[in-house]
Amino acid sequence: YGPITRTVRDGALFLDQVAGYHPADADSLPAVDYSYLDRLDEPLAPLRIAFSPNLGGFNVQSDVAREVEGAVNIFSELGHEVVEQNDTLPEMLMWWMQVGRFQALASMWDIYTERREDFSEPYVGGMDHALTTQPSDFGEFGRLRAELNNQLWRLFDDFDLLMTPTMPMEAIDAEGPIPRELE
């Protein structure tokens, strides 16, 4: 999930504190031999940037698309090579939701069964749907995730950075409602 910081400087300071090997994390890597914070003032070498306006098929709200394209143009103006990519990614949203809900349900089973009435109706519906998850679902999800990983691996063989909207719409109020459609 990663840190969310307000500035690049804050992100660099965070990485200086937490990046590096940890015996409890099999995926951790050795620490670099420099300070991320100290390197912020170094000039950035020209990057080769893949720009995916919609990750290969997702609907993106026009104001979100406009802001992302504005950021892409700034990178181009700064001398970086930007190449538009329209590759289609494996359709994983529903699988990710299904398996994610199942994992969430597994981690909070006691609370869910004891206090089910405290959860919203849509949340209960999603969790109940998670109960239909079968071993074959995990197999299909694993296959699609491997396909996505391989596709991204190939992309990052050719590019230094992928720019794309992280959300198809502007942020919504935590109280909801969640929009059912985009413009």
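In what follows, the structure referred to is the one given above.
The text that follows walks through the structure, step by step, so that each part is easy to find.

Conventions adopted
- Residues numbered from 1 in each chain as written.
- Predicted model: local features only at pLDDT ≥ 70, side-chain atom pairs only at ≥ 80, totals over all residues.
- Heavy atoms only, no water.
- Helix = DSSP H or I, 4+ residues; strand = E, 2+ residues; numbered from the N terminus.
- Buried < 20%, exposed > 50% of the residue type's maximum accessible area, 1.4 Å probe, protein only.
- Polar contact = N/O pair within 3.5 Å; in protein donor to acceptor, adjacent residues only side chain to side chain.
- Contact = heavy atoms within 4.5 Å.
- 1 Å grid on protein atoms, 1.4 Å probe; cavity = no way out; pocket = protein on both sides within 12 Å on 5 of 7 lines; lining within 4 Å.
- Points joined across faces, edges and corners; volume = space filled by probe spheres on them.
- Nonpolar A, V, L, I, M, F, W, Y, C, P; charged D, E, K, R; others polar.
- Pairing = 2+ DSSP bridges.
- Right-handed = clockwise from strand over helix to strand, strands pointing away.
- Axes fitted to C-alpha atoms, helices over the stretch in contact; angles between N-to-C directions.
- Core = buried A, V, L, I, M, F, W, Y, C linked by side-chain atoms within 4.5 Å.
- Salt bridge = Lys/Arg side-chain N within 4 Å of Asp/Glu carboxyl O.

A short note on the side chain of Thr133
Item 1. Positionally, Thr133 belongs in the loop between α5 (121-130) and α6 (135-158).
Item 2. Residue class for Thr133 comes out buried when judged on its relative accessible area of 10%.
Item 3. A polar contact is formed between the side chain of Thr133 and the backbone oxygen of Ala130, at a distance of 2.7 Å.
Item 4. Ignoring any residue separated from it by four or fewer positions in sequence, one finds Thr133 in contact with Gln98, Phe102 and Phe138.

Some details on the layout of surface pockets
Item 1. Here the largest pocket defines a volume of roughly 1,500 Å³.
Item 2. Lining the largest pocket are 37 residues, and of these Phe58, Leu93, Met97, Met167 and Pro168 lie nearest its centre.
Item 3. The set of elements that each furnish at least two residues to the lining of the largest pocket consists of α3 (93-107), α5 and α6.
Item 4. With 5 residues, α3 is the largest single contributor of residues to the lining of the largest pocket.
Item 5. Of the residues belonging to the lining of the largest pocket, the class tally is 24 nonpolar, 9 polar and 4 charged.
Item 6. Estimates place the volume of the second largest pocket at around 210 Å³.
Item 7. Lining the second largest pocket are Val8, Tyr34, Tyr36, Arg39, Leu40, Glu42, Pro43 and Leu44.
Item 8. A breakdown of the residues in the lining of the second largest pocket according to their chemical character gives 6 nonpolar, no polar and 2 charged.

With respect to the pairing of strand β2 (residues 81-84)
Remark: a regular strand shows side chains that alternate across the two faces of the sheet.
Item 1. Relative to β2, strand β1 (residues 48-51) runs parallel, the two being bridged by 4 bridges. Considered in β2, the bridge of Phe51 is made with Glu84.
Item 2. As for the winding sense of the linkage, the β-α-β connection from β1 through helix α2 (residues 62-77) to β2 is right-handed.

Some details on the sheet that holds β2
Item 1. Reading across from one edge, β2-β1-β3 is the order of the 3 strands in this open sheet, with parallel pairing throughout. Both outer strands of the open sheet, β2 and β3 (161-163), are each paired with one neighbouring strand and no more. Each adjacent strand pair in this sheet contributes to an overall mean axis angle of 30 degrees, direction not counted.

Some details on the nonpolar core
Item 1. Residues Leu47, Ile49, Phe51, Val64, Val68, Val72 and Met163 constitute the largest nonpolar core, which totals 7 residues.
Item 2. Counting only elements with at least two residues in this core, the list comes to β1 and α2.
Item 3. Sorting elements by how many residues they give to this core places α2 first, with 3 residues.
Item 4. Excluding residues that lie within four positions of it along the chain, Ile49 makes contacts with Phe75, His80, Glu81, Val82, Val83, Phe159, Leu161 and Met163.
Item 5. Counting residues in each nonpolar core, the second largest holds 6 residues, with Leu105, Val124, Met127 and Ala130 among its members.

Observations regarding the pattern of salt bridges
Where charged atoms from two side chains of opposite charge come close, those side chains can pair.
Item 1. Under the criterion given, the structure shown has 8 salt bridges.
Item 2. Where Arg39 meets Glu42, a salt bridge forms, and the shortest distance between an N and an O atom there is 3.3 Å.
Item 3. Under the relative-accessibility criterion, Glu42 is labelled partly exposed at 41%.
Item 4. Glu147 is the salt-bridge partner of Arg143, the closest N and O atoms lying 3.3 Å from each other.

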